[in-house]
Amino acid sequence: MLNLNKNNIKLGASAADKTDAIRQVGTLLVETGHMKPDYVSSMMGREKVANTYLGNGIAIPHGLPKDRELILETGIAVLQVPTGVEWNPGETVYLVVGIAAKSDEHIEILSNLTYMLDDEAAVQKLAKTSNAGDIIQCLTDRSPQVSAPISAEADFAKFVDVQIAGKAGLHARPATVLVNLAKEFESEIRVRYGAQSANAKSLVSLLKLGVEGGGTVRLMAQGVDEDEALATLRQEIEVGLEDEEETISISLGRSLTFESAPIPGIAASPGLAIGSVFQLKRGKIVFEATAKDPAKEETRLRQAVETAKAQLKELYEDVKVRSGAGKASIFLAHQEFLEDPDLIEEAIAYLPHNRSAAWAWQQVYEQRAHSLEQLTDILLAARAADLRDVGRRVLRLLADKVEAEMTLPDAPVLLIAEDLTPSDTAGLNPEKTLGFCTAYGGPTSHSAIIARSLDIPAIVGAGPAILNLADGTCCILDGESGNLYPHPSEADLETAKAAQKDLQAIREAEKLACYQPAILTDGHRVEVVANIGAAVEAEQAVNAGAEGVGLLRTEFLFLNRSEPPTEEEQFEAYRQMTRSLNGLPLIIRTLDIGGDKAVPYLNLPAEENPFLGVRGIRLCLQRPDLFKPQLRAIFRASQVGPVKIMFPMIATLEDLKAVRQITDEVRTEIGAVPVDIGMMIEVPSAVLMADEFAQEVDFFSVGTNDLTQYVLAMDRGHPALARQADGLHPAVLRMIHQTVQAASAHGKWVGVCGGIAGEPLGAAILTGLGVAELSVSIPSVAAVKAKLRSFSLPQTQDLAKRALKCRNAQEVRALV
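Residues numbered from 1 in each chain as written. Predicted model: local features only at pLDDT ≥ 70, side-chain atom pairs only at ≥ 80, totals over all residues. Heavy atoms only, no water.

It is worth spelling out the sheet that holds strand 15 (residues 413-417) at this point. Strands sit in the order 10-19-18-12-15-16-17-11 across an open sheet of eight strands; the sheet is mixed. Each end of this open sheet is capped by a strand with a single partner; those strands are strand 10 (263-264) and strand 11 (266-269). Two strands pair when backbone bridges link them, and strand 11 and strand 17 (residues 458-460) are joined in this way by three bridges, in the antiparallel orientation. Across the sheet, residue Ala 267 finds its bridge partner in strand 17, namely Ile 459. (Pairing = 2+ DSSP bridges. Helix = DSSP H or I, 4+ residues; strand = E, 2+ residues; numbered from the N terminus.)

Right under this line is the structure:
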């Protein structure tokens, strides 16, 4: 029986937000000697990967399994918040039950809590009580209740007894897994434990059983699929129901703990950097001061204001989800600025004098901001910066051009920016850029991809809070965890410096072993090849340990010039690469232009949805004058070394058959021998038709960056959505799984050339899914090979199986 006394209960508390509530209940557990202070951070970390809202005004925050060594003694604490605290949008919590559990001693209290989920009046009573004894009695003295009379189970002819694995028992996570599995069957399914039984499709009912670790339950089923249901549930219970302690533990990297509170973002490029912040200042907002049509300018102004309101609304919702309503409220204030009719009317008053909307708007918001700055009230004066922020947001929408400045200090810095364009990132000097952190963007954005290719540690999607860091602020940037640590203590700096030395030693060891194949501990082999985008990179790939080139982006031959490359130019580039590879395979992707890659001399018409328009193979089919010379150059190069051809953006069988016909015609003209033909898997239709496609090609290569944005319908360059476009989302992983299954049925292999192949977690999951080849950025080759050599194939398969069952990318990333 777990002891709960008045020292573990705080009545009449108030909490600014969920984070504040967790900190308070965690402090109670620290003060009563149940856990170390660092476990509070672990409780915060749990919220990023799981919802601890139990229901009906109750939440049960607890830490991550990996941090259980921080628990001194199992215990719970209760924070009563009579006015409530928003846990997640639409979820208000009045009783915060913090749990520090080494094993299963808390299961009885958790069981008692579930009874309260059915009794709203009881929760409201405990939310208002001034007597801690009421809470103690409710959580510890409730008499066991039977969820259903045993006689009600007489019709269940089929049953099986099975022991619950592990020490923690049937707590929230494994119970949720069991419920979701049970719901897949039509039969009625019940679980009996001792004198109680419960509906297996009801989470509340299962938790009420209070099943302890090692306890034996009876599964009973009645219905059309009863046998299959019992067999499946028994098997899943025996392997642990995905409980954290019962699944195979895979270490994918270092784990650092700092005293400083982090600003969390999304890991975009691995590495650890220490340095001073430099805010990237956007350049001039260029516009004409005069205009001839006041009515048109008024319309432009009103449209820009409405667009800015929509942007701020999206920003508020995004920040509220990640950081709570308190931190997001500033963007509600920004919206209020734009609701001020006087502000807009004053700007409109300038327009009849042949002033442009941009000029008029700038005059008005700057005058208002200047007036605020003159106030003696410090808080009101500070609103001037907010007004200017809002003003510039509208002004950018009205501008003719917004120039960017990329001038960096002479000393190396940690670059901070709202976001970085591909050209911004490509122009970074690694010697001056220790790392970068952006407020927006996602892990599949071009800036993240380029950062990995430059081996620059990077974080994206960290939110607007980073834009408030003053230049010169010392920070630690951890590109592996995705955390930025401002104002680190001396102890933090020492920890980071030691980690840098360790990381450097690991990198050196990986480089020494870079030519060793990626053979798993049980002998399974995965080919690790490189993505390249220039002729000179072929030799660099070989020197880095790549076993070939899995993706040659041929666009480099077509960009930054005034006319298309000739067949001879292309042949010479491909021949140089085949020689550099010295017999290693070279997969050449045909021209993939369109979407976000514009080529002025092609005079392509503007498209409303370029990512859904004429791009990739569609352009090649429309422009045989571009396509056929490239195919001739490739077939000529195939006579010098092993070359394979890969077609991008194949969406239909008609596309593939048309391109195969042209390819065969060109090969016949050249007199070249056949080469392996593959296609990119980048759109959902290619996955759904993978069985048919597998009969027409020799291999598939999954482009996870494009596949992610098409599956999730999220532009990977969108400032508000890109951070959610994560290639480890279960929807994307299930697409890859389906592709591998279709290819395997026809004896074909699958590679992956997208960003997640270069992540340790991504590489392990993809291997477990049956991917045979991982094509990664050159700097990632040695690290991916080294990491794969530490796994067995069953380990990766177990990890992949769990990933496929997750509900979002956060759950996938929390598997290790």
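After that view, the rundown keeps rolling.
With that out of the way, let us pick up the packing of aromatic side chains. Evaluation of the coordinates by the stated rule reveals five aromatic pairs. Consider the rings of Trp 361 and Tyr 365, whose centres lie 6.2 Å apart with planes at 50 degrees: the pair is tilted. Remark: Tyr 365 and Trp 361 occur in helix 12 (residues 357-373); sequence separation between them is four residues, near one turn of the helix. Residue Trp 361 shares its accessibility class with Tyr 365, and that shared class is buried. (Phe/Tyr/Trp six-rings, centres within 6.5 Å; stacked < 30°, edge-to-face > 60°. Buried < 20%, exposed > 50% of the residue type's maximum accessible area, 1.4 Å probe, protein only.)

Residues Leu 343, Ile 344, Ala 347 and Ile 348 constitute the buried set of helix 11 (residues 341-350). Taken down its axis, helix 11 places every buried residue within 130 degrees of arc, on the same side. (Arc of directions from axis to C-beta.)

A complete count under the given rule lists 20 salt bridges for this structure. Of the charged contacts, one joins Asp 161 and Arg 218 as a salt bridge, the two residues approaching to 2.8 Å between their closest N and O atoms. On the criterion of sequence distance, the pair formed by Asp 161 in strand 6 (residues 158-163) and Arg 218 in strand 9 (residues 216-222) is long-range, its members being 57 residues apart. The exposure class of Asp 161 is partly exposed, given its relative accessible area of 39%. Here Arg 636 makes a salt bridge to Glu 568, at a shortest N to O gap of 3.2 Å. Taken together, the positions of Arg 636 in helix 20 (residues 624-637) and Glu 568 in helix 18 (residues 567-581) put the pair 68 residues apart, joining distant regions of the chain. Taking the relative accessible area as the measure of exposure, Glu 568 reaches 45% and is therefore partly exposed. One salt-bridge network, held together by shared partners, links Glu 567, Glu 568, Arg 632 and Arg 636. (Salt bridge = Lys/Arg side-chain N within 4 Å of Asp/Glu carboxyl O.)

A word on the side chain of Glu 547. Tracing the chain through its elements places Glu 547 in the loop between helix 17 (537-543) and strand 22 (549-553). Owing to a relative accessible area of 12%, Glu 547 belongs among the buried residues under this scheme. A polar atom in the side chain of Glu 547 sits 2.5 Å from the side chain of Arg 525. Within the structure, the side chain of Glu 547 is placed 2.8 Å from the backbone nitrogen of Val 528, a separation counted as a polar contact. Setting aside chain neighbours within four positions, we find Glu 547 in contact with Pro 517, Arg 525, Val 526, Glu 527, Val 528, Val 529, Leu 584, Pro 585 and Lys 785. (Polar contact = N/O pair within 3.5 Å; in protein donor to acceptor, adjacent residues only side chain to side chain. Contact = heavy atoms within 4.5 Å.)

By themselves, these figures tell us nothing about what the structure is for.
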